[in-house]
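Reading the structure
What follows is the residue order along each chain.
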Amino acid sequence: MVRAKVVIRNLTGLHLRPAGILCNKAILYKSRIQFQTDHTTANAKSVLSVLGACVKCGDEIEFICEGEDEQEALDSMIRVVEDGLGE
């Protein structure tokens, strides 16, 4: 299992479009990919779960990846968030 924290910089947080981009990236990996906020844990492969986490601009999330390609998955998730999730 690997973990890393990242801050969401999108002005609108993880609304539908960036949540979809995040999920589309996550489903490319075999590992289980989740993220935690101060108040919840979300499945990064589920748009509804990501939206339900209500992540806003400035929130810190911690990705947790577990499986055969966990490090590659974690690096990819951090990179997609730092690249702005398409915005």
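This section reports on the structure supplied with the text. No experiment lies behind these values; they were computed from the predicted model shown. Sequence order as written defines residue numbering, which begins from 1 separately in each chain. Local features are withheld for residues below a pLDDT of 70 in this predicted model, meaning they are given only at 70 or higher, and side-chain atom pairs are given and counted only at 80 or more; totals for whole chains, interfaces and linings count all residues. Side-chain measures were taken over the full set of non-hydrogen atoms in the model, leaving aside hydrogen atoms and water.

With that settled, the discussion passes to the overall build of the protein chain. Runs of H or I in DSSP of at least four residues are treated as helices and runs of E of at least two as strands, each being numbered from the N terminus. Looking only at helices and strands, the protein chain features three helices and four strands. Helices (α) and strands (β) of the protein chain occur, in sequence order from the N terminus, as β-α-β-β-α-β-α. As defined in this context, the radius of gyration uses C-alpha atoms, and a globule is described by 2.2 Å times the residue total to the power 0.38. The C-alpha atoms of the protein chain give a radius of gyration of 11 Å, which matches the 12 Å a tight globule of 87 residues would have. Projecting the C-alpha coordinates of the protein chain onto the three principal axes gives extents of approximately 35 × 25 × 20 Å. Here the protein chain, with 87 residues, has 44% of them falling under the buried criterion. Here the Shrake-Rupley method, with its probe set to 1.4 Å, supplies the accessible areas, and only the displayed protein chains count as covering residues. As displayed, the protein chain offers around 4800 Å² of accessible surface, 49% of which is attributable to carbon and sulfur atoms. On the protein chain, the mean spot of the 10 positive side-chain charges and the mean spot of the 13 negative ones are 4 Å from each other. Three exposure classes are used, based on accessible area relative to the maximum for each residue type with a 1.4 Å probe and protein chains only: buried under 20%, partly exposed in between, and exposed over 50%. Positive charges come from Lys and Arg, negative ones from Asp and Glu, while His and the chain ends are left out of the count. By convention, charge coordinates are those of NZ in Lys, CZ in Arg, CG in Asp, or CD in Glu.

Stacked, edge-to-face and tilted labels apply to pairs of Phe, Tyr and Trp rings (six-membered ring for Trp) whose centres lie within 6.5 Å, assigned for plane angles under 30 degrees, over 60, and everything in between, in that order. Tallied over the entire structure, the rule returns one aromatic pair. Taking 6.0 Å as the distance between ring centres and 70° as the angle between the ring planes, the aromatic pair formed by F35 and F63 counts as edge-to-face. Here the residue F35 occupies a position in strand β2 (residues 32-36), and F63 occupies one in strand β4 (residues 60-66), the gap between them amounting to 28 residues. Residue classification places F35 among the buried residues on the basis of a relative accessible area of 0%.

Now for the side chain of E70. Looking at the element boundaries, E70 is found in helix α3 (residues 70-82). Any Lys or Arg side-chain nitrogen located within 4 Å of an Asp or Glu carboxyl oxygen qualifies as a salt bridge. For the buried E70, no salt bridge exists, and the shortest N-O distance to an oppositely charged side chain is 8.8 Å, to R32. There is a polar contact of 3.3 Å between the side chain of E70 and the backbone nitrogen of M1. The definition of a polar contact used here is a pair of N or O atoms within 3.5 Å, where within protein one atom must be able to donate a hydrogen and the other to accept one, and adjacent residues in sequence count solely through side-chain atom pairs.

The next point concerns the sheet that holds β2. An order of β1-β4-β2-β3 is seen for the four strands of this open sheet, with the pairing classed as antiparallel. Looking along the sheet, the strands with just one partner apiece sit at the ends: β1 (2-7) and β3 (41-43). If you compare each strand with its neighbour and ignore which way they point, the axes differ by 25° on average. Pairing of β2 with β4, which is carried by five bridges, proceeds in the antiparallel orientation. For I33, the partnering residue across the bridge sits in β4 and is C65. Working rule for contacts: check all heavy atoms of both residues, and any pair within 4.5 Å makes them a contact. Working convention: axes come from line fits to C-alpha atoms, limited for helices to the stretch in contact. Angles between N-to-C directions cover 0 to 180 degrees. Where α3 meets the sheet, its contacts fall on β1, β2 and β4, and the angle it forms with β1 comes to roughly 0°. Strand pairing follows a simple DSSP-based rule, namely that at least 2 bridges must link the two strands.

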